[in-house]
Amino acid sequence: MERSFFARNPSVMIFIGMLGLFTLAITVMSEAYGTSAISTSLVKTLGMTLCLCLIALAMDLVWGYCGILSLGHFAFFGLGGYMIGMWIMYARTEAVIVTSLANAPLPPTPTELNDAIAVQIFGVVGGDSFPWMWAFSHSLTLQLMLVVLVPGLLALVFGWLAFRSRVTGVYLSILTQAMTLALSLYLFQNDTGLRGNNGLSGLQNIPGAEDIPQAVTSIWLLWASALALGLGYIAAAWIMSGKFGNVIRGIRDDEPRVRFLGYSVEGYKLFVFTVSAVIAGLAGALYYPQAGIINPDEIAPIASIYLAVWVAIGGRGRLYGAVIGAATVSLLSTWFTGGRAPDVNLGFYNIQWVDWWTVLLGLGFVLVTLFAPKGLGGLIDFVIRKDRA
Amino acid sequence: MSSLLQLSGVSVTFDGFRAINNLSFQIGEPELRAVIGPNGAGKTTFMDIVTGKTRPDEGTVIWGERSVSLLKMSEAQIARAGIGRKFQRPTVFEDQTVAENLMVALKKDRGPFSVLFWRAEPADQTRIEELASEISLVDHLNTQAGILSHGQKQWLEIGMLLAQEPRLLLVDEPAAGMSGAERDHTTELLKEAAKTRAVVVVEHDMDFVRKLDCKVTVLHEGSVLAEGSLDHVTANQEVIDVYLGR
Ligand SMILES: Nc1ncnc2c1ncn2[C@@H]1O[C@H](COP(=O)(O)OP(=O)(O)OP(=O)(O)O)[C@@H](O)[C@H]1O
Ligand SMILES: [Mg+2]
């Protein structure tokens, strides 16, 4: 009975082992630390994929385990990205301006410096001073706290209002779509303080690491993403392995029953939803420095719908399923829409994957739903059972 | 015997239809009580009211020594106050094992944070095994509840109720779909439980009710038609007309 958490959950060790091997393999093939077999841009794509796996994990917690089909998780992901992006833009711009003013006859006063940074950042939207929400952007520590706090608080308030009124099922999904749509429309405006549709850019230039080549920073970010995914996986598996997991799965399968056992279902949902939003925010904070740019388009409702599709294809209700789904589908999507997939010429019609990928994805989704309701992750059951037989 | 639960003048209307009509009901602790009545008499709705699922339009529902009103409490609060419920259709967590179902029901702190850090101690393990043997499922502790037979699910749900250690148990049609031997075992379980607490059993099967050997309340059209021993109520002409004589 008194076996350790890892002994009771062998899949966690297997996952961590595979993640470690993957990270090591990429490192020894990278331009920075190895044979240069793979390009820096591929390293970035893979690092970003790890972040997408992390948000898929967060999605699986709320949807696969707790039955809340959130179609707004990219709002939390994007907010995490914006929070870290603000610090990167501020610190980078500050460094550039300090250098350019180094030869001025008089050193700039703090106010002059601040104004110069503001003009540099907000000139593009016609601004020349810092909006209130940039109050902490000079401090990495404070912005890192906001990476957790902003998505967490949004989820807490949204969840409290929605769960308390017992909004469930498709109505809740629609509300989450409305939330992410509203946030994206709000951010699209130039005067809301986050540079409207320009978004935050140049995020690949990590402040303080100006002299370090992208090949190296990309590997660092890959390591950070792998670490976050590994820790997120362990945390999620631990949360779901005990009685808490039983209650959560009970809520998914029979909410009234859990209530009549004396558990306040709303509190549990709120807990899971908020934890999941925080994980999504962290994933976003690691993703956008690799992507280099974030704009309100990233928070558009469709992004969160894709997330649900990844998790469904991978297999919800099992953590590795979410990871497999996110990795497979997002990498395929990059390949198909990146213009590198060869066109298929049918003679009378030329299939261009950039256009037809969405159709293929939709078809895949329908097929998985019909023929493999447990998703790609369910295939692993199949293999294990064959082994035992 | 002081009263544990007391309903007075309770009425509920669904879309103009009076499912419960000026109902008054009272039970003490310990006591075993059978509630019978034709289909649609309001038996399940009565349980819905007590457990907070349905809010009455009028009337009072008073609980315990301190006479608190249940009407202002949520379902979860009512459950924590000591009222457990078995549904008419057996509802267990089909995706989880028998042991997990019982573990979730065990009387422990229900707050998310204490549940998060809770791990079964040997004493809890023993208690789960005890409960499982009471409901004849000790060989199925690691079986998924979904693949149990209908009768076994009914027992598991009763086991979950016992694990909650409620002061009042509301049991809706526990013998439905059970064989003769299974019924007898269920009777024993309920009678045993009623030695230390209040138990209300809704049942259609008269043989089953007879074996419970307790006071009977007959519901009809949302109010009490007769109350007393089984022989007393079955001799009542009105009861014969609306229920027994069908
Ligand atoms: N939520 C509801 N909305 C509308 N009508 C309802 C609702 N719940 C119950 N009713 C009606 O109230 C009446 C009483 O129903 P209830 O389920 O309490 O009967 P019952 O005595 O448990 O019957 P049975 O023996 O068939 O289980 C029925 O006519 C039913 O259709
Ligand atoms: Mg009923």
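Provided above is the structure to which this section pertains.
For every chain, the first residue of the written sequence is number 1, and numbering continues from 1 onward in sequence order. To read the labels, note that chains go from A and ligands from 1, taken in the order they are written. Local features in this predicted model are restricted to residues whose pLDDT is 70 or higher, and side-chain atom pairs enter the listing and the counts only when it is 80 or higher, whereas totals over whole chains, interfaces and linings include all residues. Side-chain numbers come from the whole structure's heavy atoms, not from hydrogens or water.

Engineer: Which residues make up the layout of surface pockets, and what values go with them?
Structural biologist: All names here are of chain A. Cavities and pockets are defined on a 1 Å grid built over the protein atoms alone: a cavity is a set of grid points where a 1.4 Å probe fits but cannot escape, while a pocket is an open set with protein on both sides within 12 Å along at least five of seven lines, and lining residues are those with an atom within 4 Å of any such point. Grid points are joined across faces, edges and corners, and a volume is the space filled by probe spheres set on the points. As a volume, the second largest pocket reaches approximately 670 Å³. Surrounding the second largest pocket, 22 residues form its lining, L52, Y287, W310, S333 and T334 being those nearest its centre. Strands are runs of DSSP state E lasting at least two residues, helices are runs of H or I lasting at least four, and both sets are numbered from the N terminus onward. Looking at the lining of the second largest pocket, the elements that each hand over two or more residues are α3 (40-65), α4 (73-100), α11 (265-291), α12 (301-314), α13 (319-337) and α14 (353-371). Counting residues per element, the lining of the second largest pocket draws most heavily on α13, which supplies five residues. Grouping the constituent residues of the lining of the second largest pocket by class yields 14 nonpolar, six polar and two charged. Residues are grouped as follows: nonpolar covers Ala, Val, Leu, Ile, Met, Phe, Trp, Tyr, Cys and Pro; charged covers Asp, Glu, Lys and Arg; every other residue, Gly included, is treated as polar.

Engineer: How would you summarise the coordination of the magnesium ion (ligand 2) if you had to cite specific residues and measurements?
Structural biologist: All names here are of chain B. Surrounding the magnesium ion (ligand 2) are the protein donor atoms T44 (OG1) and Q88 (OE1), at 1.9 to 2.3 Å. In this pair, T44 sits in helix α1 (residues 43-50) while Q88 sits in the loop between β6 (83-86) and α3 (98-105), placing the two residues 44 residues apart along the sequence. Throughout this description, buried means an accessible area under 20% of the type-specific maximum (1.4 Å probe, protein chains only), exposed means over 50%, and partly exposed covers the range between. Looking at T44, the relative accessible area reads 26%, which means it is partly exposed. Each metal's donors are the N, O and S atoms within 2.8 Å of it, or within 3.2 Å when it is Na, K or Ca, and because water is not part of the set, sites may look incomplete.

Engineer: Can you break down the interface of chain B and chain A residue by residue, with the values?
Structural biologist: Counting from both sides, the interface comprises 31 residues of chain B and, opposite them, 27 residues of chain A. Together, the buried faces of chain B and chain A total about 2800 Å²; carbon and sulfur atoms form 61% of this surface. The term buried area denotes the loss of accessible surface (1.4 Å probe radius) that occurs when two parts are joined, taken as the sum for both partners. The largest contributions to the chain B side of the interface with chain A come from F93, L116 and R119 of chain B, which together make up 21% of the buried area. Two N or O atoms count as a polar contact when they lie within 3.5 Å, although within protein this holds only if one can serve as hydrogen donor and the other as acceptor, and sequence-adjacent residues are included solely when both atoms are side-chain atoms. Between the two partners, chain B and chain A, sit 12 residue pairs in polar contact (both at pLDDT 80 or more). Looking at the side of chain B that touches chain A, the elements that each hand over two or more residues are α2 (75-81), α3, α4 (112-117) and α6 (150-164) of chain B. Working rule for contacts: check all heavy atoms of both residues, and any pair within 4.5 Å makes them a contact.

Engineer: Break down the pairing of strand β9 (residues 215-220) of chain B for me, with residues and values.
Structural biologist: Residue and element names in this part refer to chain B. Burial analysis of β9 places five of its six residues in the buried class, the great majority of the element. Pairing between two strands requires that DSSP report at least two bridges joining them. Sheet topology note: the strand β3 (residues 31-36)/β9 ladder contains four bridges and is parallel. Bridge pairing in β9 links V35 to T217. Two strands pair when backbone bridges link them, and β9 and strand β10 (residues 223-228) are joined in this way by five bridges, in the antiparallel orientation. Within β10, the residue paired with V218 across the bridge is A226. Between β9 and the antiparallel strand that follows it, β10, lie two residues; E221 among them carries a positive phi value of about 50°.

Without other data, these values stay purely geometric and don't point to any function.
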